[in-house]
Amino acid sequence: RIIMYKRILIAVDGSHTSELALHEAINLAKDMEGRLLIVHGVDEMSLMGLDYANPTEIRNAMVETGRKILGKADAAASKAGVKADIKLIEIDTLGRRIPEAIAEEADAWPADLVIVGTHGRHGLSRVFMGSVAEGIARVPTKPVLLIRGQ
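Residues numbered from 1 in each chain as written. Predicted model: local features only at pLDDT ≥ 70, side-chain atom pairs only at ≥ 80, totals over all residues. Heavy atoms only, no water.

K.L.:
Explain the pairing of strand S2 (residues 35-43) to me, using residue names and the numbers behind them.
P.N.:
Bridge analysis of strand S1 (residues 7-11) against S2 gives 5 bridges, and the strand direction is parallel. Looking at the pairing, Ile 10 lines up with Ile 38 of S2. Handedness of the S1-helix H1 (residues 16-32)-S2 crossover: right-handed. (Pairing = 2+ DSSP bridges. Helix = DSSP H or I, 4+ residues; strand = E, 2+ residues; numbered from the N terminus. Right-handed = clockwise from strand over helix to strand, strands pointing away.)

As structure tokens, this is what we get:
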């Protein structure tokens with residue numbers, strides 16, 4: 001039995017690893033005659049408690065950067081002839097995290113596969129920086145394809 005992934009959710013963050021994951025998602029969608037949902041998460045709650053800057057300006061910059069990342073990813077999919085939708089996921093509720101929001105989006109859309117790039121950090125850098133990819137791999141009820149950076 002051949003598994004067909006017709007609806008692929010790809011999470012992008014603008015990093016080189018994310019670009020590799022997007023390229024893989026585009027190729028897979030093209031091969032499977034599928035479509036993409038390209039998402040980018042903005043965690044507005046991470047701005048809580050900032051007293052040295054204007055949180056509204058930083059939030060607006062984060063949203064604008066997210067839109068640019070999504071636009072670039074959408075253009076890459078379109079250039080390859082792959083149908084894609086884009087969605088900016090804004091985390092504005094305390095306790096909600098990007099991996100959970102992406103998993104909810106994968107269920108709601110509904111995706112057959114979730115693809116995300118991973119930086120492959122180990123040790124303390126992983127502990128301190130966390131890993132959206134690891135969180136996504138743990139949360140969703142969908143198959144997840146992790147694309148490792150080079």
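K.L.:
So, the pattern of salt bridges: which residues are in play, and what are the values?
P.N.:
Any two side chains of opposite charge can pair, on the condition that their charged atoms come close. Using the criterion set out here, one finds 5 salt bridges in the structure. Here Lys 87 ties to Glu 105 by a salt bridge, and the two come within 3.0 Å at their closest N and O atoms. Taken together, the residues span a long stretch of sequence, with Lys 87 in strand S3 (residues 83-91) and Glu 105 in helix H3 (residues 98-108) at a distance of 18 residues. For Lys 87, a relative accessible area of 36% puts it in the partly exposed group. When its relative accessible area of 15% is taken as the criterion, Glu 105 is described as buried. For Arg 96, the salt bridge identified is with Glu 104, shortest N-O distance 2.8 Å. Look at Glu 104 and you get partly exposed, because its relative accessible area is 43%. (Salt bridge = Lys/Arg side-chain N within 4 Å of Asp/Glu carboxyl O. Buried < 20%, exposed > 50% of the residue type's maximum accessible area, 1.4 Å probe, protein only.)

K.L.:
Which residues make up the packing of aromatic side chains, and what values do they have?
P.N.:
Counted by the stated rule, this structure contains 0 aromatic pairs. Looking at Arg 7, its charged tip hangs above the ring of Trp 109, at a distance of 4.1 Å from the centre. (Phe/Tyr/Trp six-rings, centres within 6.5 Å; stacked < 30°, edge-to-face > 60°. Lys NZ or Arg CZ within 6 Å of the ring centre and 35° of its normal.)

Everything listed here is a matter of coordinates, which is why it stays silent on function.
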